[in-house]
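Architecture and fold: a report
Listed below are the residues making up each chain.
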Amino acid sequence: MEIYKEIHLDKNSPQHLYMQLFYKIRQFIMDGQLKANEKLPPIRQLANTLGVNTSTIVNAYGLLEKEGFVYKKIGSGTFVSPRKDDRLEDVVLEKYPLDEDIRLMDRGQIQIKENMISFASATPTSDLFPVDDFKILLNEVLDRDKGDAFGYQESQGYYPLRESLVDYLKEINIETNSENVQIISGAQQGIDVIAKAFVDYKDTIIVESPTYTGAIGTFKSRGAKIVSVPILEDGIDIHLLEENIKKHHPKFVYLMPNFQNPTGYSYSKEKKLKIIELADKYNTFIVEDDYLSDLSFYNNDNATLKSLDENDRIIYIKSFSKIFMPGLRLGFLVIPKKIHHRILAAKHTSDISTSGLNQRVFDLYLRKGIWKKHIRYMEKIYRERFDVMKNCIEKYFKDIDISYILPKGGLNFWFSLPEGYDSNKLYVEGAKNNILILPGSIFFISQNESRFFRLSIAAVYPKDIEIGIKGLSQVIKRFIKKDTKERKGPDSYTPLL
Ligand SMILES: Cc1ncc(COP(=O)(O)O)c(C=O)c1O
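Here we summarise the structure given alongside this text. (Residues numbered from 1 in each chain as written. Predicted model: local features only at pLDDT ≥ 70, side-chain atom pairs only at ≥ 80, totals over all residues. Heavy atoms only, no water.)

1. So, helix α2 (residues 17-30)
- End to end, α2 covers 20 Å across 14 residues, agreeing with the expected 20 Å (1.5 Å per residue, within 8%).
- Inspection of α2 places M19, Q20, L21, F22, I25, R26, F28 and I29 among the buried residues, and these make up the whole buried set.
- Buried residues belonging to α2 abut α1 (2-5), α3 (43-50), α4 (54-66), β1 (70-73), β2 (77-80) and α9 (213-221).
- In the segment just after α2, G32 is the residue with positive phi, at about 85°. (Helix = DSSP H or I, 4+ residues; strand = E, 2+ residues; numbered from the N terminus. Expected span 1.5 Å × (residues − 1). Buried < 20%, exposed > 50% of the residue type's maximum accessible area, 1.4 Å probe, protein only. Contact = heavy atoms within 4.5 Å.)

Now the structure itself:
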C-alpha cells in the first residue's frame, strides 16, 4: 500500500481525478514499480487512502483494464497484466539475465560485456568521433563568445547555426529558411516535442511496422493509439496506409523513408511521391525521421520526403548521432510554417533550449567546411564495414534457413528466422557465444513478432564482422536444429498489452 500513499490527486486540476489516477498507476506499471500479476488495492481501501469517491477508483481501474494494463478476476480483484518480458520465464535462461536484458532493450539500452561482438548497438564507436577538430573549434568559440556561450540560448536555436543549416539543407535539395528550422537536443527529443505539440490521449498516430523503438515509447507515453502498417522492401504498404489514414484520421504518420530502422529498407521514388500526395489528400502531416540518409552506398535515390514537399506537409527530423557524436545531443527540425508556435512551445517546456555551447561549435563545424571532410571520412569507414558485412552474410548465411533483403546503405540489416522460432532465444544463444544480436520484438507495437532480429555494423570493426557473422551462422544453425523440437506454432503466442 506504501506506493499508493505517494499518489497526490489534485482536485483543482482541470484533469479528472480518475484520469490523474489512471496516469499514476500506469506509470507505476511502466516503471516496474508494480509487477506483473500484483494485486491492486481494493476499491474502497484505495478510495479511503486517497480521500476520493469509490467511483474515481472504479473509473481509473476500468480505463487501465481497457488499455490492457490490468486484468480483473471475478471475486478476487484487479491485477497488473503480464508484459511479454515477464512471460519469458519459460525460455531456457540458465544464468543469463535475458529478462533484464530485454527490459533494458525496451528502454533503448543493452549491457555489453568485454570481448563481445555487438551487432546490437547502432551507435558508432567513440574512436570515430572527431575530438581533435572539436577541441580546436571549442576553444575558438570560448575565445570569441566568452560567457555568452554559457547563457540560455534562444529556444528556437542559435541563429547563426540555423542559417548554416539552411545552407546545409540546400545541398540535399531542401529549400527552406532559418524561421523554419528548430534546433533540438537530438532526434529523440524531436519526436517527443512533435508528439507533445500534437498528440492527446487516444489520438491516432500511424507508424511503420516494424519501427524505431524510441518512437514507440514516446507515442505510448502520450497515451496515443498507435496503428502500424507493414513496411515492404520498397517502403510502407501504400494501400494499407491509405486505408488506415481514411479510417483513423491520424494526427500524423511517422516514417523513416531512407534506410529505415530496423529493416534498412528504403522507399522507392514512387512511394515517396505517393506519400506526399496522401498527406495532401487527407490533410495530415508526415513526420520524416531522417536519422541516416547520408549513408547511401548503393542507392541512387536517397531523396528525403522534405525535398519533395511542395505543400509544407512534412515535419522533417534530422539526427547527427550516427554520423557525428551522439553525446552532443544535437539535431534539428524543419517545420511547416503553420505549426511553428506549437513546436516552439513544446520545445520550450521540454528543456528551454539546446546547449548553446554545442550549437556554436557545430555552427563553426559547418561554416568552416570541416563537416564535409568528416562526412566523407564516416562514409568511407561505414562503407568498408557495410561491404564486409554484405560479403560475410552472402558467404556464411547462404545455407541457413533465414530470410533477409540486403539494404542499399545505412547501418542496419534485418533478418527473419523461420515461422515459429523466437529471436529472444537466439539472443541468449548468441550472447553465450559473445555475439550480440538485437531481437526484433522491441520494434513492434505489440512485441509479439518474435522471429525477427537486427544486426547493426555501427559498432563493429571489419575483422570482428567476419568473426561475428561466421560465429553467428554456427549459432543459428545449432539453434534451428535444437529448437525444432521445442518449436511452437505462431498460434501459441499470447497477444501482449
Ligand atoms: C530512427 C531513429 N530516430 C531517432 C533516433 C535518436 O537519435 P538522437 O540520438 O539524435 O536522439 C535514433 C537513434 O538510434 C533512431 O534510430
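2. Brief notes about the site of the ligand
- Close contacts around the ligand come from G186, A187, Q188, Y212, M256, N261, D289, Y291, S319, S321, K322 and R329, and that covers them all.
- Here a nitrogen atom of the ligand sits 2.6 Å away from a polar atom, N or O, in the side chain of D289.
- If the ligand stood free it would expose 400 Å²; the protein chains cover 91% of that surface.
- For the shell around the ligand, the residue count by class is 4 nonpolar, 5 polar and 3 charged. (Near = heavy atom within 4 Å. Polar contact = N/O pair within 3.5 Å; in protein donor to acceptor, adjacent residues only side chain to side chain. Areas by Shrake-Rupley, 256 points an atom, 1.4 Å probe, with all protein chains shown as cover. Nonpolar A, V, L, I, M, F, W, Y, C, P; charged D, E, K, R; others polar.)

3. As for the nonpolar core
- Ranked by internal contacts, the top residues of the largest apolar core, which has 130 residues, are F219 and F397.
- Here this core gets 11 residues from one element, more than from any other, and that element is helix α14 (residues 370-396).
- Both domains that meet at this core, namely domain 2 (86-127 + 373-492) and domain 3 (152-368), each give it at least three residues.
- The contacts of F397, once residues within four sequence positions are left out, are C392, I402, Y404, F415, L455, I469, L472, S473 and I476.
- Judged by nonpolar contacts, the second largest core, of 24 residues, contains Y4, I7, V52 and L63. (Core = buried A, V, L, I, M, F, W, Y, C linked by side-chain atoms within 4.5 Å. Domains from an automatic or database assignment.)

4. Concerning the side chain of N244
- Inspection of the secondary structure assignment puts N244 in helix α10 (residues 238-248).
- For N244, the side chain forms a polar contact with the main-chain oxygen of L240, separated by 2.9 Å.

5. Digging into the packing of α10 against helix α11 (residues 269-281)
- For the pair α10 and α11, interaxial distance at closest approach is 11 Å and the crossing angle is 10°. Taken together, the axes of α10 and α11 lie roughly parallel to each other. Each of I238, L241, E242 and I245 in α10 lies in contact with α11, whose residues at this interface are K271, K274, I275, L278 and K281. (Axes fitted to C-alpha atoms, helices over the stretch in contact; angles between N-to-C directions. Parallel < 35°, antiparallel > 145°, perpendicular 65-115°, else oblique.)

6. With respect to helix α13 (residues 356-367)
- Given a rise of 1.5 Å per residue, 12 residues ought to cover 16 Å, and the 16 Å separating the end C-alpha atoms of α13 matches this to within 8%.
- Taken across its 12 residues, α13 has 11 buried, putting it largely inside the fold.
- Turning to α13, its buried residues number three or more, namely G356, L357, N358, Q359, R360, V361, F362, D363, L364, Y365 and L366.
- Close packing links the buried residues of α13 with α6 (131-145), α7 (159-171), β4 (181-184) and α14.

7. A few points about the packing of aromatic side chains
- Overall, the coordinates contain 32 aromatic pairs when judged by the stated rule.
- Plain terms: the ring middles of F219 and Y254 are 5.6 Å apart, the flat faces sit at 80° to each other, and that makes the pair edge-to-face. Of this pair, F219 sits in helix α9 while Y254 sits in strand β8 (residues 252-255); the two residues are 35 residues apart in sequence, bridging distant segments of the chain.
- Classification of F219 by relative accessible area gives buried; the value is 1%.
- We classify Y254 as buried; its relative accessible area is 0%.
- An aromatic cluster is present here, built from Y168, Y316, F320, F324, F332, F362, Y365 and W371 joined pairwise through their rings.
- Stacked on the ring of F79, the Lys or Arg K73 has its end atom at 4.9 Å from the ring centre.
- It is R383 that lies over the ring of Y298; its NZ or CZ is 5.6 Å from the centre. (Phe/Tyr/Trp six-rings, centres within 6.5 Å; stacked < 30°, edge-to-face > 60°. Lys NZ or Arg CZ within 6 Å of the ring centre and 35° of its normal.)

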